[in-house]
Amino acid sequence: MRLSLLRMAPSRALALISSPASLAALPPDALILPLRPGLAVPREQLVAARPEDLLAAQDTRRVLEDAETLARTWAASRLAAERLTWGDVPLAACFEYDLRMVAVDLLKTARIVTSAREHAPGSELYTDAPLTSETFPPYPYLSAVGPILAQAAEAAGGRVHGLRADRRPRGPRTSRLGRMYSGLTARQGAARLRRPDVLVALGPYPDDYRPVARAWKSDAGETVVVAPQDTPVRASAADSLSFVALEALVDRATRATIDAFVERAVQAVRLLDLGGPRVSSGYDLRPILRGELEGRLRERLAHLAMMGVAFETRLDTARGLLLMETVSPLAHAAILFARRHRVPATVVQHGVLAGAFSYRQTAADRIAAWGSSDATWFRGNLPGQPRVEATGSPRYDRLIEAGGPSYRAVPGLPADRPIVLFVSQPLVQDDPARSAWSRWDALQMAVESGGRGAGFVLVVKWHPAEEPDPLPSPEMDATARLVHHADTLALLERSRVVLAISSTAALEAMYLDRPVVFLGPADPGSPFHPPEDGAGPRALDGKELARTLDRLVPEGPARKDALARQRAFLASHYAPLDGKAATRVAALARGG
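Residues numbered from 1 in each chain as written. Predicted model: local features only at pLDDT ≥ 70, side-chain atom pairs only at ≥ 80, totals over all residues. Heavy atoms only, no water.

1. So, the packing of helix 7 (residues 252–271) against helix 9 (residues 286–315)
Heads up, the condition is: The convention used is that axes are lines fitted to C-alpha atoms, helices contributing only their stretch in contact, and that angles between N-to-C directions extend from 0 to 180 degrees. For helices the rule is a DSSP run of H or I covering at least 4 residues; for strands it is a run of E covering at least 2, with both sets numbered from the N terminus onward. When an angle is under 35 degrees it counts as roughly parallel; over 145 it counts as roughly antiparallel; between 65 and 115 it counts as roughly perpendicular; any other value is oblique. Crossings are classed by handedness, with left-handed meaning an anticlockwise turn of the near helix from the far one by less than a right angle and right-handed meaning a clockwise turn. Should any heavy atoms of two residues lie within 4.5 Å, those residues are considered in contact. Three categories are distinguished: nonpolar for Ala, Val, Leu, Ile, Met, Phe, Trp, Tyr, Cys and Pro, charged for Asp, Glu, Lys and Arg, and polar for the others, with Gly belonging to the last.
Across the interface, helix 7 lies against helix 9 with an axial gap of 9 Å and an inter-helix angle of 150°. The angle between helix 7 and helix 9 places the two elements in the roughly antiparallel class. As for how helix 7 packs across helix 9, the hand of that crossing is right-handed. From helix 7, Thr254, Arg255, Ile258, Phe261, Val262, Glu263, Ala265, Val266, Val269 and Arg270 reach across to helix 9, where they touch Arg290, Leu293, Glu294, Leu297, Arg298, Leu301, Ala302, Ala305, Met306 and Val309. In the contact of helix 7 with helix 9, the residues fall into 13 nonpolar, one polar and six charged.

2. Things to note about the side chain of Arg514
This is how it is decided: The buried label applies to any residue whose accessible area, calculated with a 1.4 Å probe on protein chains only, is under 20% of its type's maximum; exposed applies above 50%, and partly exposed to all values in between. Asp and Glu count as negative and Lys and Arg as positive, but His and the ends of the chain are not part of the count. By definition here, a salt bridge exists when the distance from a side-chain nitrogen of Lys or Arg to a carboxyl oxygen of Asp or Glu is within 4 Å. Contacts described as polar in this section are N or O atom pairs within 3.5 Å, which, within protein, must combine one atom able to donate a hydrogen with one able to accept it, while residues neighboring in sequence count only if both atoms come from side chains.
Among the secondary structure elements, Arg514 is positioned in the loop between helix 16 (504–511) and strand 17 (516–519). Although Arg514 lies buried, it forms no salt bridge, and the closest oppositely charged side chain, Glu493, sits 5.3 Å away as judged by the N-O distance. In terms of polar contacts, Arg514 uses its side chain to reach the backbone carbonyl oxygen of Ser495, at 3.0 Å.

3. Structural notes on the confidence of the model for the protein chain
Convention followed: As a per-residue measure, pLDDT tells how confident the predictor is, with possible values from 0 to 100.
Here the protein chain shows a mean pLDDT of 87. Residues at 70 or above account for 91%. Contacts of residues 1–9 to residues separated by more than four positions or lying in other chains number 22 contacts, the stretch itself having pLDDT below 50. The low-confidence segment residues 165–174, where pLDDT is below 50, has 15 contacts with residues more than four positions distant or belonging to other chains.

4. Side note on the sheet that holds strand 11 (residues 345–348)
Our working definition: Here the rule is simple: two strands pair whenever DSSP picks up at least two bridges between them.
Taken in spatial order, the seven strands line up as 9-8-7-10-11-12-13 in an open sheet, and their pairing is parallel. The strands lining the two open edges of the sheet, one partner per strand, are strand 9 (241–245) and strand 13 (387–390). Neighbour to neighbour, the strand axes of the sheet diverge by 25° on average, direction disregarded. Bridge count for strand 12 (residues 366–369) against strand 13 is four bridges, and the pairing is parallel. Bridging across to strand 13, Ala369 finds its partner in Ala390. Relative to the sheet, helix 10 (residues 329–340) contacts strand 7 (198–202), strand 10 (320–323) and strand 11, its axis offset from that of strand 10 by approximately 165°.

5. A closer look at the pattern of salt bridges
A full pass over the atoms with the stated rule returns 32 salt bridges. Lys108 is the salt-bridge partner of Glu52, the closest N and O atoms lying 2.7 Å from each other. Residue Glu52 is found in the loop between strand 2 (31–34) and helix 1 (57–73), and its partner Lys108 is found in helix 3 (residues 96–119); the two are separated by 56 residues along the sequence. As far as burial versus exposure is concerned, Glu52 and Lys108 are alike and both buried.

6. As for the packing of helix 6 (residues 206–217) against helix 19 (residues 581–590)
Interaxial distance between helix 6 and helix 19 falls to 8 Å at its minimum, and their mutual angle equals 65°. Helix 19 is crossed by helix 6, and the crossing has right-handed handedness. Facing Pro211, Val212, Ala215 and Trp216 of helix 6, the residues of helix 19 in contact are Ala582, Thr583, Val585, Ala586, Ala589 and Arg590. Within the contact of helix 6 with helix 19, the residues separate by chemical class into eight nonpolar, one polar and one charged.

7. A word on empty space enclosed by the protein
Sizing a probe to match a water molecule and rolling it over the atoms shows the empty space that remains. How we decide: Note on definitions: the grid is 1 Å and covers protein atoms alone; a cavity is a set of points where a 1.4 Å probe fits but cannot get out; a pocket is an open set with protein on both sides within 12 Å along at least five of seven lines; lining residues have an atom within 4 Å of a point. Grid points are joined across faces, edges and corners, and a volume is the space filled by probe spheres set on the points.
In total, this model carries two cavities of 30 Å³ or more according to the counting rule given. The volume enclosed by the largest cavity comes to roughly 60 Å³. Gly392, Ser393, Pro576, Leu577 and Ala581 are, among the 14 residues lining the largest cavity, the residues nearest its centre. Taken together, the residues of the lining of the largest cavity break down into six nonpolar, four polar and four charged.

8. Quick word on the sheet that holds strand 16 (residues 497–500)
Read from one edge of the open sheet, five strands run 15-14-16-17-18, paired in parallel fashion. Each edge of the sheet is formed by a strand with only one pairing partner; in this case those strands are strand 15 (457–461) and strand 18 (538–539). Strand direction decides the pairing type here: strand 14 (residues 419–423) and strand 16, joined by four bridges, are parallel. Within strand 16, the position partnered with Leu421 by the bridge is Val498.

9. Some points on helix 9
Stated formally: To obtain the bend at a residue, axes are fitted to the seven residues ending there and to the seven starting there, and the angle between these axes is taken.
Where helix 9 bends most, at Arg300, the angle is about 45°. Most of helix 9 sits out of view: 21 of its 30 residues are buried.

10. Re the side chain of Arg100
Residue position: Arg100 is located in helix 3. Of note is the side chain of Arg100, whose polar atom sits 2.9 Å from the side chain of Glu68. Look past the residues within four positions of Arg100 in its chain and what remains in contact with it is Leu64, Ala67, Glu68, Ala71, Phe357, Gln429 and Asp430.

11. Re unusual backbone geometry
Phi is positive for Gln385, which is not a glycine, with a value near 50°. The topology assignment puts Gln385 in the loop between helix 12 (372–381) and strand 13. The phi dihedral of Asp513 falls on the positive side, at around 65°, and the residue is not glycine. With respect to the element layout, Asp513 can be found in the loop between helix 16 and strand 17.

Encoded structure:
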């Protein structure tokens with residue numbers, strides 16, 4: 001049960017805090033809004049138990065409406081159309097998805113800050129969030145608290161006390177080893193791009209591309225992966241899989257032209273009005289949005305132009321384009337250039353259809369879905385009537401290879417006790433009402449069940465894109481950080497039972513014949529509903545989860561029944577796990 005908003009005295013300082021270490025630096029009677037779950041704040045000092053408690057239903061609707069408007073209209077401006085068009089292809093729209101996610105978080109944060117100050121209108125403000133605007137992470141959550149608080153303090157004639165100035169990491173930098181590898185592979189890969197039966201794959205997805213390349217090779221074809229040089233894919237001569245960096249397809253003179261193009265685009269962003277968010281939020285969010293757009297253009301726009309050059313000079317005769325997604329700027333641009341040159345694009349579904357918003361942005365001529373239910377969803381939710389086939393996922397073909405699955409051992413896991421694995425997932429704010437506290441509630445449920453003497457060890461596997469939260473036990477926390485970037489399939493294979501909210505790892509656990517328990521209430525907006533389809537139980541609290549684990553961890557009728565239900569679910573909703581998904585994807589990409 002959530003705490004209701006408390007009536008606050010108007011003269012006390014207001015603090016928006018994420019770290020326990022910051023609490024000691026606050027005035028003793030400061031009013032506090034926690035920015036991360038797990039922060040222990042005395043009840044009498046809470047503004048609200050979580051930030052989303054400060055949002056009314058009309059706030060979330062307005063945030064979504066304004067974010068949609070901003071994401072759609074900025075690219076339609078005259079300046080963006082003039083300065084962000086490479087050849088005949090307008091590239092501003094390639095940043096629409098990213099900009100929408102940033103705008104949702106930015107507008108939501110502004111509304112939460114306004115509401116917090118209404119409940120605690122003191123002029124002294126404190127935060128341990130960075131006070132300067134920085135690049136938003138892939139899954140932003142209240143990422144602009146600092147700059148917005150700084151505006152609020154200035155408007156009130158006060159100041160904001162910055163308690164910590166941690167800088168978020170920038171995007172990946174190209175390593176020397178990566179540049180050397182890209183240089184070695186460039187000549188071979190670039191030469192193969194002009195061969196008569198070439199499938200061009202985009203991005204660093206070797207688990208999916210290598211089996212497809214093997215299947216494509218069976219008809220004497222070649223597969224060449226094209227990606228920026230900081231995300232290389234290891235070539236495989238046996239599979240006729242090559243890698244060529246985008247940078248290797250652009251000569252020095254053209255690179256200078258691209259650099260000038262990027263600079264003109266950045267200057268255009270500085271001139272854009274972006275006035276809507278100011279009206280809706282009460283704060284001037286334009287500097288933050290301009291800074292974010294400028295950073296993204298400087299980091300990514302050159303690669304989009306390079307993709308255009310690649311299609312003009314090397315990729316226009318390709319048999320097809322293979323992608324895993326089309327919402328990232330580079331993938332979106334590749335689709336636009338491929339269509340201009342009439343190169344058919346095939347998109348392979350990369351995860352379960354849990355958060356459906358991103359999948360609705362898919363643009364392709366052909367879609368390789370994971371099963372019949374997903375194929376039906378794609379046909380009913382995508383414009384343009386792409387061809388959709390239930391192929392299955394190429395990455396799971398190896399699950400039935402000779403000898404069965406056998407993955408690298410994960411260090412640090414106890415060898416003498418069964419493992420119950422909680423697979424976390426990042427918060428995606430397709431709905432502003434979504435809260436990081438929901439994931440924390442599920443985690444606490446798992447932790448509570450693991451402390452009831454059930455005879456197993458609970459291991460938390462954070463998603464690679466998440467920033468891990470401290471866990472209550474130092475031993476548990478150390479293990480969770482150890483497995484943060486471990487092979488998920490190896491962890492699943494080692495696990496006795498898997499706990500999930502709704503993620504691809506849940507499906508992978510079913511493929512590996514591990515019982516899955518879903519935590520928390522069902523999301524009616526998600527197309528992925530395994531419990532409702534009989535694939536696994538759902539637990540709503542720690543006691544219920546503990547009882548479920550008591551039945552599923554040991555061998556017995558309950559475990560046998562759960563596994564039978566999962567197998568039936570897979571057979572009903574997903575393509576057969578027969579090792580031929582890559583062959584079906586290759587046939588779809590050929591148009592067969």
